[in-house]
Amino acid sequence: MTINKQFIGKVSIPLLSLAALIGVFFLPPIPQDPAYHLFEDQRTIFNLPNFWNVLSNLPFLVVGILGLFSLYRHRDTDSSPSIQIVSPLKTSYIMLFFGASLVAFGSGYYHIVPSNHSLVWDRVPMTIAFMALFSIIIAEYISVPLGKLLLWPLIAVGLLSVLYWRMTENNGNGDLRPYALVQFLPLVIIPLIMILFKPTFTQTKGYWLLMCGYMLAKGLEYFDKAVFDALSQISGHSLKHVAAAIGLFFLLKAYQSRTRIMP
């Protein structure tokens, strides 16, 4: 008897999500490591502290604005290079690129004055963009009504995870567990969805390239010092921003060139 891949997805993804939700709370609270704020490249240039870590956020603003402009140009009968979208999900696409645009300001502010306080404004826009993307994936691969329904609850859960972390830090017992769950569980679920369910559009490589860009960004972040030692003039953390923004740019180009797959 052949088991349908979509059936496997509909069973395994909720079970995996439930297991992760339960499992993470068996871990002890995870406070923010103060060393996280000590980036390798702390040079001040033109009186701007951590110059390259700040400036390297500009690609997020560029890609975010390009995405919003493409959405503005979108017409169902328009042949211009606008984003090919599922019309009921337009708000989700807007929040994806709006959140990406805000990353430039939130992350830029954080890197000027790195601290737990400013880190909130780095994580909030990232969470907005990430949760919007998650809702889009659900809609385009599983169910448009479900993806549309989950947009604001997912964003709310993401923002609450940041708020919870900040409140616990203020109380002296910082806890990143909910934020870690919000950040990393979708990294497992999104590939599963793309493998087990049928896409709505062609050019699905855009999502894979975005995932690759994000994973490369996390690697560059981890090897911040090693990259800086090797390249001298640029650090891993600065290149992290560029890699993630390039991944989003590839997704934007895929959005602009894709076509709907007829059932």
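The text that follows walks through the structure, step by step, so that each part is easy to find. (Residues numbered from 1 in each chain as written. Predicted model: local features only at pLDDT ≥ 70, side-chain atom pairs only at ≥ 80, totals over all residues. Heavy atoms only, no water.)

Focus: the overall build of the chain
Thinking step 1. Check the secondary structure of the chain and you find ten helices and zero strands.
Thinking step 2. Beginning at the N terminus, the succession of helices and strands in the chain can be written as α-α-α-α-α-α-α-α-α-α.
Thinking step 3. Expressed along its principal axes, the backbone C-alpha trace of the chain runs to roughly 55 × 45 × 30 Å.
Thinking step 4. Burial analysis of the chain (263 residues in total) assigns 48% to the buried set.
Thinking step 5. Counting contacts in the chain only where the partners sit at least 6 residues apart, residues at least 24 apart contribute 75% of the total.
Thinking step 6. Summed over all atoms, the accessible surface of the chain reaches about 13400 Å², with 72% contributed by carbon and sulfur.
Thinking step 7. Taken as two groups, the 18 positive and 12 negative side-chain charges of the chain have centres that lie 13 Å from each other. (Helix = DSSP H or I, 4+ residues; strand = E, 2+ residues; numbered from the N terminus. Buried < 20%, exposed > 50% of the residue type's maximum accessible area, 1.4 Å probe, protein only. Contact = heavy atoms within 4.5 Å. Areas by Shrake-Rupley, 256 points an atom, 1.4 Å probe, with all protein chains shown as cover. Lys, Arg positive; Asp, Glu negative; His and termini not counted. Charge placed at Lys NZ, Arg CZ, Asp CG, Glu CD.)

Here we look at the packing of aromatic side chains
Thinking step 1. Inspection of the entire model under this criterion finds ten aromatic pairs.
Thinking step 2. Between Tyr222 and Phe223, the aromatic rings sit 4.9 Å apart at their centres with planes inclined by 85°, giving edge-to-face as the arrangement.
Thinking step 3. By relative accessible area, which is 68% here, Tyr222 ends up exposed.
Thinking step 4. Phe223 sits in the partly exposed class, given a relative accessible area of 48%. (Phe/Tyr/Trp six-rings, centres within 6.5 Å; stacked < 30°, edge-to-face > 60°.)

Observations concerning the layout of surface pockets
Space left empty within the atom packing is revealed by a probe, the size of a water molecule, rolled over the atoms.
Thinking step 1. The computed volume of the largest pocket comes to approximately 1100 Å³.
Thinking step 2. What lines the largest pocket is a set of 42 residues, and nearest its centre among them are Tyr36, Tyr214, Lys218, Glu221 and Lys240.
Thinking step 3. For the lining of the largest pocket, the elements supplying multiple residues, two or more each, are α4 (90-112), α5 (116-141), α7 (177-196), α8 (205-222), α9 (224-231) and α10 (236-257).
Thinking step 4. Top contributing element to the lining of the largest pocket by residue count: α5, with eight residues.
Thinking step 5. In terms of residue class, the lining of the largest pocket is made up of 26 nonpolar, seven polar and nine charged.
Thinking step 6. For the second largest pocket, the calculated volume is near 590 Å³.
Thinking step 7. Around the second largest pocket, the lining comprises 25 residues; the ones closest to its centre are Ser17, Phe134, Leu154, Leu185 and Ile189. (1 Å grid on protein atoms, 1.4 Å probe; cavity = no way out; pocket = protein on both sides within 12 Å on 5 of 7 lines; lining within 4 Å. Points joined across faces, edges and corners; volume = space filled by probe spheres on them. Nonpolar A, V, L, I, M, F, W, Y, C, P; charged D, E, K, R; others polar.)

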